[in-house]
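Read off the chains here:
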Amino acid sequence: DAGVTQSPTHLIKTRGQQVTLRCSPISGHKSVSWYQQVLGQGPQFIFQYYEKEERGRGNFPDRFSARQFPNYSSELNVNALLLGDSALYLCASSSTGNTIYFGEGSWLTVV
Amino acid sequence: QKEVEQNSGPLSVPEGAIASLNCTYSDRGSQSFFWYRQYSGKSPELIMSIYSNGDKEDGRFTAQLNKASQYVSLLIRDSQPSDSATYLCAVIGQGSNYQLIWGAGTKLIIKP
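Residues numbered from 1 in each chain as written. Chains lettered and ligands numbered in written order. Predicted model: local features only at pLDDT ≥ 70, side-chain atom pairs only at ≥ 80, totals over all residues. Heavy atoms only, no water.

Caption draft 1: Representation of the overall build of chain B within the structure. For chain B, the helix and strand inventory stands at zero helices and 11 strands. When the helices and strands of chain B are placed in sequence order, the string is β-β-β-β-β-β-β-β-β-β-β. In terms of C-alpha radius of gyration, chain B reaches 13 Å, essentially the compact-globule figure of 13 Å for 112 residues. Referenced to the eigenvectors of the C-alpha coordinate spread, the extents of chain B come out at roughly 45 × 30 × 20 Å. Residues classed as buried in chain B amount to 46% of the 112 residues present. In chain B, 55% of the contacts between residues at least 6 apart in sequence involve partners at least 24 apart. For chain B, the exposed surface amounts to about 5300 Å²; the carbon and sulfur share of it is 46%. Looking at charge distribution, chain B has the averaged site of its 10 positive side-chain charges lying 3 Å from that of its 10 negative ones. (Helix = DSSP H or I, 4+ residues; strand = E, 2+ residues; numbered from the N terminus. Rg over C-alpha atoms; globule rule 2.2 N^0.38 Å. Buried < 20%, exposed > 50% of the residue type's maximum accessible area, 1.4 Å probe, protein only. Contact = heavy atoms within 4.5 Å. Areas by Shrake-Rupley, 256 points an atom, 1.4 Å probe, with all protein chains shown as cover. Lys, Arg positive; Asp, Glu negative; His and termini not counted. Charge placed at Lys NZ, Arg CZ, Asp CG, Glu CD.)

Caption draft 2: Up close: the pairing of strand E3 (residues 19–24) of chain A. Residues and elements named next belong to chain A. With three bridges joining them, strand E1 (residues 5–7) and E3 adopt antiparallel strand pairing. When the bridges of E3 are listed, Gln6 appears paired with Cys23. For E3 and strand E8 (residues 74–78), the ladder comprises five bridges, and the chain directions are antiparallel. Pairing of Cys23 across the sheet is with Ser74, part of E8. (Pairing = 2+ DSSP bridges.)

Caption draft 3: Structural context of the state of the cysteines. Residue and element names in this part refer to chain B. Evaluated as defined, the whole model comprises two disulfides over all chains. Here Cys23 engages in a disulfide with Cys89; their sulfurs sit 2.1 Å apart. Given an S-S torsion of about -70 degrees, the disulfide between Cys23 and Cys89 has left-handed geometry. With Cys23 in strand E3 (residues 19–25) and Cys89 in strand E9 (residues 85–92), this pair connects stretches of sequence that are 66 residues apart. With respect to class, Cys23 is no different from Cys89; both count as buried. (Disulfide = S-S within 2.5 Å.)

Caption draft 4: View of the interface of chain B and chain A. In this assembly, 19 residues from chain B lie in contact with 23 residues from chain A. For the pairing of chain B and chain A, the buried interface totals around 1700 Å² over both sides, and the portion due to carbon and sulfur atoms is 51%. Contact with chain A buries surface across chain B, with B:Tyr98, B:Gln99 and B:Trp102 losing the most and accounting together for 35% of the total. Applying the counting criterion to the chain B and chain A interface returns zero salt bridges. Where chain B packs against chain A, one counts five residue pairs in polar contact (both at pLDDT 80 or more). Among the secondary structure elements, those contributing two or more residues to the side of chain B that touches chain A are strand E4 (32–38), E9 and strand E10 (100–102) of chain B. Considering each element in turn, the side of chain B that touches chain A owes the most residues, four residues, to E4(B). (Buried area = accessible area lost by both parts, 1.4 Å probe. Salt bridge = Lys/Arg side-chain N within 4 Å of Asp/Glu carboxyl O. Polar contact = N/O pair within 3.5 Å; in protein donor to acceptor, adjacent residues only side chain to side chain.)

Caption draft 5: Expanded view of the sheet that holds E8(A). Residues and elements named next belong to chain A. Spatial ordering of the open sheet is given by E1-E3-E8-E7, a layout of four strands whose pairing is antiparallel. Where the open sheet ends on each side, the last strands, each with one partner, are E1 and strand E7 (64–68). Across this sheet, the average inter-strand angle for adjacent strands is 15 degrees, counted without regard to direction. Note: E7 against E8, five bridges, orientation antiparallel. Within E8, the residue paired with Gln68 across the bridge is Ser74. (Axes fitted to C-alpha atoms, helices over the stretch in contact; angles between N-to-C directions.)

Caption draft 6: Molecular detail of the environment of A:Ile26. Residues and elements named next belong to chain A. Structurally, the position occupied by Ile26 is in the loop between E3 and strand E4 (31–37). For the pair formed by Ile26 and His10, sequence separation is 16 residues and the distance between their alpha carbons is 21 Å. In this structure Ile26 touches Ala2, Gly3, Val4, Ser93 and Tyr101, once residues within four positions along its chain are discounted.

Caption draft 7: Geometry of the sheet that holds strand E8 (residues 71–76) of chain B. Residue and element names in this part refer to chain B. Read from one edge to the other, the open sheet built from five strands follows the order E1-E3-E8-E7-E6, with strand pairing classed as antiparallel. With one partner strand each, in any of the chains shown, strand E1 (4–6) and strand E6 (54–58) form the two edges of the open sheet. Across this sheet, the average inter-strand angle for adjacent strands is 20 degrees, counted without regard to direction. In the sheet, strand E7 (residues 61–66) pairs with E8 via six bridges, with the strands oriented antiparallel.

Right, here's the structure in full:
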């Protein structure tokens, strides 16, 4: 079975632009979460979705939004990009129980 | 504010020795505790999970949990150069629906 897949793996954007990151969870997993990891820090929780409903939102501005589709895949959108949005964006999926699996991440550089 | 604290290191350990990594957390109601390993430029990889007080062993790795003192530790026996990485402690707080709260990580260096 495929693990958590994310795309794109690397991208460079200009300040003020918008970006969409995509995630496909492990087959059968209905929960998807997004985390931001800035270089040298631990990941920070952004969003969690379960069965297409938002279950949690971290302390991020409204420029960050997300959604989950009927097939449980998810998109993270960031508008009006700032230099400080440069980070590794991690998607995680989980089923019942507490085991959480991460994808390889999307490296976003804002210039 | 729920927090997870780790010593940033770097922690330098000779090859073959035991590496000891520590983590404290502020939410006394936390239920689930995880150790992740992260190589430079890669995503975190789950090493150990622990849910009840005591020790849990998996190969060269042992996780220890003490809920009364609110700390969790990771021991790596017979350390290898390939164990050199940043180790992240993560906690799921009470009623938080699988939302991980992370420490900043401890950089471990195994010297040959």
